[in-house]
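# Secondary and tertiary structure notes
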Amino acid sequence: MPTAYDSDLTTLQWELLEPLIPAAKPGGRPRTTDMLSVLNAIFYLVVTGCQWRQLPHDFPCWSTVYSYFRRWRDDGTWVHINEHLRMQERVSEDRHPSPSAAICDAQSVKVGNPRCHSIGFDGGKMVKGRKRHVLVDTLGLVLMVMVTAANISDQRGAKILFWKARRQGASLSRLVRIWADAGYQGQALMKWVMDRFQYVLEVVKRSDNLAGFQVVSKRWIVERTFGWLLWSRRLNKDYEVLTRTAEALAYVAMIRLMVRRLAQEH
């Protein structure tokens, strides 16, 4: 399969993704849009950071591409694809499909669109914008991502994040331990998490005796995930009007990462 852009899917990558694309709705005219071209357009937008209306003309019309992206955002398709590929990636690494441990953290990013909803100021990072709350497994693969205004505290965001994780069902049924940084410390939060979810929240702190940069056990994993997300220029800032769109694009970035890895392993 020839590729016009570096972000285009190869034949093997498409074979991994094609079964996960929702079928056309019954009734009406048959689907004529090429789903491979739609996915290539979405990946191009995420990787390059261009605007929807600036998609190259060799892709389907931008409004068609966006309508599929929005439909899959609203019906949970992006979450489902991320979940399916994550399980495949874990199995390929000789891990159980459902993780028993995870790491949570939050990343504040500036907004690049004056029409953005849910904007706040993070006094700790001195950033006006939004905050990405993420939960990743020990491989750094995203289990859950949630976007809020930047003034939402890490602890408040974690509570909502854990509620969403619990609703994931069987894919996270084995989760029992979550590591976090000092922003999540406090007996009140630990007790709340244990009482409601039976998760053990363990705070991993950096040593006060060492100066300069140091790799902190477990926490480096989620920091690496943030680095993976920032490989996609669309995620360097938050340009999305709606927070659920920003969440969907984070899943898209992880989907592209995982499908490339899985295709290399075959």
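Residues numbered from 1 in each chain as written. Predicted model: local features only at pLDDT ≥ 70, side-chain atom pairs only at ≥ 80, totals over all residues. Heavy atoms only, no water.

A few words on the UniProt feature "domain: Insertion element IS402-like" (unreviewed entry) in the protein. Summarizing the sequence annotation, UniProt attributes the feature "domain: Insertion element IS402-like" (unreviewed entry) to residues 9–81 in the numbering used throughout. Counted over residues 9–81, helix gives 53% and strand 0%. Its end C-alpha atoms are 15 Å apart. (UniProt positions renumbered as here; feature names shortened; annotations may be inferred. Helix = DSSP H or I, 4+ residues; strand = E, 2+ residues; numbered from the N terminus.)

Next up on the list: helix H2 (residues 35–48). Helix length check: H2 (14 residues) gives 20 Å between terminal C-alpha atoms against 20 Å at 1.5 Å per residue, within 8%. For H2, a buried count of 11 out of 14 residues is recorded, marking the element as mostly surrounded by other parts of the structure. Looking at H2, one finds that the buried residues are Met 35, Leu 36, Val 38, Leu 39, Asn 40, Ala 41, Ile 42, Phe 43, Tyr 44, Leu 45 and Val 46. Where H2 is buried, its residues touch helix H1 (11–17), helix H3 (62–74), helix H4 (77–92) and helix H8 (243–265). One or two residues past the end of H2 sits Gly 49, with phi positive at roughly 80°. (Expected span 1.5 Å × (residues − 1). Buried < 20%, exposed > 50% of the residue type's maximum accessible area, 1.4 Å probe, protein only. Contact = heavy atoms within 4.5 Å.)

As a further point, take the packing of H4 against H8. Their axes nearest at 9 Å, the elements H4 and H8 cross at an angle of 35°. Seen from above, H4 lies across H8 with left-handed handedness. For the pair H4 and H8, the contacting residues are Trp 78, Val 79, Ile 81, Asn 82, Leu 85, Arg 86, Gln 88, Glu 89 and Ser 92 in the first and Ala 248, Tyr 251, Val 252, Met 254, Ile 255, Met 258, Val 259, Arg 261, Leu 262 and Glu 265 in the second. (Axes fitted to C-alpha atoms, helices over the stretch in contact; angles between N-to-C directions. Left-handed = near helix turned anticlockwise from the far one by under 90°.)

Further remarks concern the side chain of Asn 82. For Asn 82, the position within the fold is in helix H4. In contact with Asn 82, other than residues within four places in its own chain, are Val 142, Tyr 251, Met 254, Ile 255 and Met 258.

With respect to the helices, strands and loops of the structure, Glu 83 is situated in helix H4. Separated by 15 residues in sequence, Glu 83 and Ser 98 place their C-alpha atoms 9.8 Å apart.

Turning our eyes to something else, we now look at the pairing of strand E1 (residues 101–110). Most of E1 is tucked away, with 9 of its 10 residues classed as buried. Pairing between E1 and strand E5 (residues 177–180): 3 bridges, direction parallel. The partner of Ala 102 across the bridge, within E5, is Ile 178. (Pairing = 2+ DSSP bridges.)

Before going further, it helps to spend a moment on the packing of aromatic side chains. One pass over the full model with this rule turns up 15 aromatic pairs. For the ring pair Tyr 44 and Phe 59, a centre distance of 5.5 Å and an interplane angle of 55° mean the geometry is tilted. With a gap of 15 residues between them, Tyr 44 in helix H2 and Phe 59 in the loop between H2 and H3 connect regions that are remote in the sequence. Neither residue differs from the other here; Tyr 44 and Phe 59 are each classed as buried. Lys 218 extends its terminal NZ or CZ atom over the ring of Trp 179, reaching a point 4.6 Å from the ring centre. (Phe/Tyr/Trp six-rings, centres within 6.5 Å; stacked < 30°, edge-to-face > 60°. Lys NZ or Arg CZ within 6 Å of the ring centre and 35° of its normal.)

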